[in-house]
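A closer look at the structure
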Amino acid sequence: MENILNYLTAFNLSIYNWFLLIVAAIFLGMGKAGIKGIGVIIVILMALIFGSKQSTGVLIPMMIVADIFAVIYYHKHTQWKYLKKLLPTMIIGVLVGVWVGNDISEHLFKQIMAVLILLTIVVMVYSDKKNANSIPKNPIFSGGMGLLSGITSMIGNLAGSFADIYFLAMRLPKNEFIGTAAWLFFIINVFKLPFHIWVWKTISVNSLMLNIITIPLILFGFYIGMRLVKLIHNEAYRKFIFIATGIGAILILFK
């Protein structure tokens, strides 16, 4: 116990920062349970505590833990055909993110990403009103969403917005949406782990010890999110994702 406390004190967190970490861990669990659109808030909270780049390394093991909960609970709803369409270019996007992550201005990157998210949402809302049964089948769409998801996942842990837009475009029902996203992000986050450890060096023994104590909080958040998702009808869930993703993009733009 004393060794764990020594690791934790290395971060020198204030009471306020501990509070933000608790909130972020609970929100993370809720998000992975299906309350989409709050990923931006989690990233902002973690950046306030640890700084933008360092926070990505602290957050990734927490995300993997939450992904495991989601995969176990929603596994039977996974739609593998959509995951297979998105995953290859998403992996390429992660590799691009590793390469450019140290060179591009984080502020400029987030502004570009926010504008792209908002433009995509506008196009999708217009398409929804024009033809309620239209599903994009062009491989350029799935490839583009995968690439953007991979890049934003590596640089800012913000891939959820683009992946959510893709699954919305595929008109996946609520549980299929969550189950497919759960496996997608579990695979991608495990793939990203070595780059954080050996390339960016944002994961340490200290940060892993900090991650361990957040596990019960993530589980608690997952339980809350799971209960809330059950109360939301499929069509209402779709509208909720649109709104939450749009708000998240605005938060990124003005953060």
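Residues numbered from 1 in each chain as written. Predicted model: local features only at pLDDT ≥ 70, side-chain atom pairs only at ≥ 80, totals over all residues. Heavy atoms only, no water.

**A word on the overall build of the protein**
Note the threshold: Segments assigned H or I by DSSP are reported as helices when at least four residues long, segments assigned E as strands when at least two residues long, and all are numbered from the N terminus. The buried label applies to any residue whose accessible area, calculated with a 1.4 Å probe on protein chains only, is under 20% of its type's maximum; exposed applies above 50%, and partly exposed to all values in between. Only heavy atoms matter for contacts: two residues are in contact if any of them lie within 4.5 Å across the pair. Only the protein chains shown count as cover for residues, and all accessible areas are computed by the Shrake-Rupley method using a 1.4 Å probe.
From N to C terminus, the protein includes eleven helices and zero strands. Each helix and strand of the protein, ordered N terminal to C terminal, gives the series α-α-α-α-α-α-α-α-α-α-α. For the protein, buried positions account for 50% of its 255 residues. Restricting to contacts in the protein with at least 6 residues of sequence separation, those with at least 24 account for 88%. About 12,200 Å² of surface is accessible on the protein, with carbon and sulfur atoms providing 70% of the total.

**Thoughts on the nonpolar core**
What counts here: Side-chain atoms within 4.5 Å link the members of a nonpolar core, which is a set of buried Ala, Val, Leu, Ile, Met, Phe, Trp, Tyr and Cys residues.
Grouped together as the largest cluster of nonpolar side chains are 73 residues, with contacts concentrated most on Met-46, Phe-167 and Leu-184. In contact with Leu-184, other than residues within four places in its own chain, are Leu-83, Leu-86, Leu-87, Met-90, Ala-163 and Phe-167.

**Thoughts on the side chain of Lys-174**
Condition: This count recognises Lys and Arg as positive and Asp and Glu as negative, with His and chain-terminal groups excluded. Salt bridges are defined as contacts in which a side-chain nitrogen from Lys or Arg sits within 4 Å of a carboxyl oxygen from Asp or Glu.
Secondary-structure assignment places Lys-174 in helix H9 (residues 174-199). Despite its burial, Lys-174 pairs with no opposite charge, the nearest such side chain being Glu-176 at 9.1 Å. Beyond its immediate chain neighbours, meaning those up to four positions away, Lys-174 contacts Val-229, Lys-230, Ile-232, Asn-234 and Tyr-237.

**A look at a nonpolar patch on the surface**
Note the following rule: Residues qualify for a patch when their relative accessible area is over 30% and they have no salt bridge, like charges being joined within 9 Å and the nonpolar side chains of Val, Leu, Ile, Met, Phe, Trp and Tyr within 5 Å.
A cluster of nonpolar side chains, contributed by Ile-41, Ile-243, Ile-247 and Leu-251, occupies part of the molecular surface with about 330 Å² of accessible area. Ranked by the residues each element gives to the nonpolar patch, the list is headed by helix H11 (residues 234-254), at three residues. As for its position among the elements, Ile-243 is in helix H11.

**Here we look at helix H8 (residues 160-169)**
Burial runs high along H8: nine of the ten residues are buried. Where H8 is concerned, the buried positions are Ser-161, Phe-162, Ala-163, Asp-164, Ile-165, Tyr-166, Phe-167, Leu-168 and Ala-169.

**Some remarks on the pattern of salt bridges**
Counted by the stated rule, this structure contains one salt bridge. In this structure, Lys-32 engages Asp-67 in a salt bridge whose closest nitrogen and oxygen atoms are separated by 2.7 Å. Of this pair, Lys-32 sits in helix H2 (residues 15-32) while Asp-67 sits in helix H4 (residues 52-74), and the two are 35 residues apart along the sequence. Pair check on accessibility: Lys-32 and Asp-67 agree, each one buried.

**A word on the packing of H4 against helix H10 (residues 205-231)**
Inclusion rule: Lines are fitted to the C-alpha atoms to define the axes, a helix being fitted only along its stretch in contact, and any angle between axes, read from their N-to-C directions, falls within 0 to 180 degrees. Every angle not falling under 35 degrees, over 145, or within 65 to 115 is termed oblique; those three ranges are roughly parallel, roughly antiparallel and roughly perpendicular. Should the near helix be turned anticlockwise from the far one by less than a right angle, the crossing is termed left-handed; should it be turned clockwise, right-handed. When residues are grouped by polarity, Ala, Val, Leu, Ile, Met, Phe, Trp, Tyr, Cys and Pro land in nonpolar, Asp, Glu, Lys and Arg in charged, and all others, Gly among them, in polar.
It is the contact of H4 with H10, at a shortest axis distance of 9 Å, that shows an interaxial angle of 40°. Taken together, H4 and H10 sit at an angle that is classed as oblique. In the crossing of H4 with H10, the sense of the turn from one axis to the other is right-handed. Of H10, the residues touching H4 (which contributes Val-58, Pro-61, Met-62, Val-65, Ala-66, Phe-69, Ala-70, Tyr-73 and Tyr-74) are Ser-207, Leu-208, Leu-210, Asn-211, Thr-214, Ile-215, Ile-218, Leu-219, Phe-222, Met-226, Val-229 and Lys-230. Grouping the constituent residues of the contact of H4 with H10 by class yields 17 nonpolar, three polar and one charged.

**A word on the packing of H2 against helix H3 (residues 39-50)**
The interhelical angle for the contact between H2 and H3, taken along N-to-C directions, is 155°, at an axis separation of 9 Å. Judged by the angle between their axes, H2 and H3 are roughly antiparallel. The handedness of the crossing between H2 and H3 comes out as left-handed. Contacts from Asn-17, Leu-20, Leu-21, Val-23, Ala-24, Phe-27 and Leu-28 in H2 reach Ile-41, Ile-42, Leu-45, Met-46, Leu-48, Ile-49 and Phe-50 in H3.

**A look at the packing of aromatic side chains**
To keep it simple, the criterion reads: Under the pairing criterion, centres of Phe, Tyr and Trp rings, with the six-membered ring standing for Trp, must be within 6.5 Å; the plane angle then separates stacked pairs below 30 degrees from edge-to-face pairs above 60, leaving the rest tilted.
Taken as a whole, this structure holds ten aromatic pairs when the rule is applied. Ring centres of Phe-177 and Tyr-237 lie 5.8 Å apart, and the angle between their planes is 85°; this geometry places the pair in the edge-to-face category. Within this pair, whereas Phe-177 is found in helix H9, its partner Tyr-237 is found in helix H11, the two being separated by 60 residues in sequence. Judged on exposure class, the residue Phe-177 and its partner Tyr-237 are both buried. For the pair Trp-183 and Phe-186, a centre-to-centre distance of 5.8 Å together with 80° between the ring planes defines the contact as edge-to-face. You can see Trp-183 and its partner Phe-186 sitting in helix H9, three residues apart, about one turn around the helix.

**What to know about the environment of Val-96**
Checked against the element boundaries, Val-96 lands in helix H5 (residues 80-100). Taking the C-alpha atoms as reference points, Val-96 and Leu-148, 52 residues apart in sequence, are found 9.9 Å from one another.

**Comments concerning H9**
To be explicit about the condition: Any helix carries an expected span of 1.5 Å times its number of residues minus one. Bend is the name given here to the angle between axes fitted to two runs of seven residues, the run ending at a residue and the run starting at it.
Counted at 1.5 Å a residue, the expected span for H9 with its 26 residues is 38 Å, and the 37 Å between its end C-alpha atoms agrees. The largest bend in H9 is about 25°, located at Lys-192, with the proline Pro-194 one to four residues further on. Residue Lys-201 follows H9 closely and has a positive phi angle near 55°.

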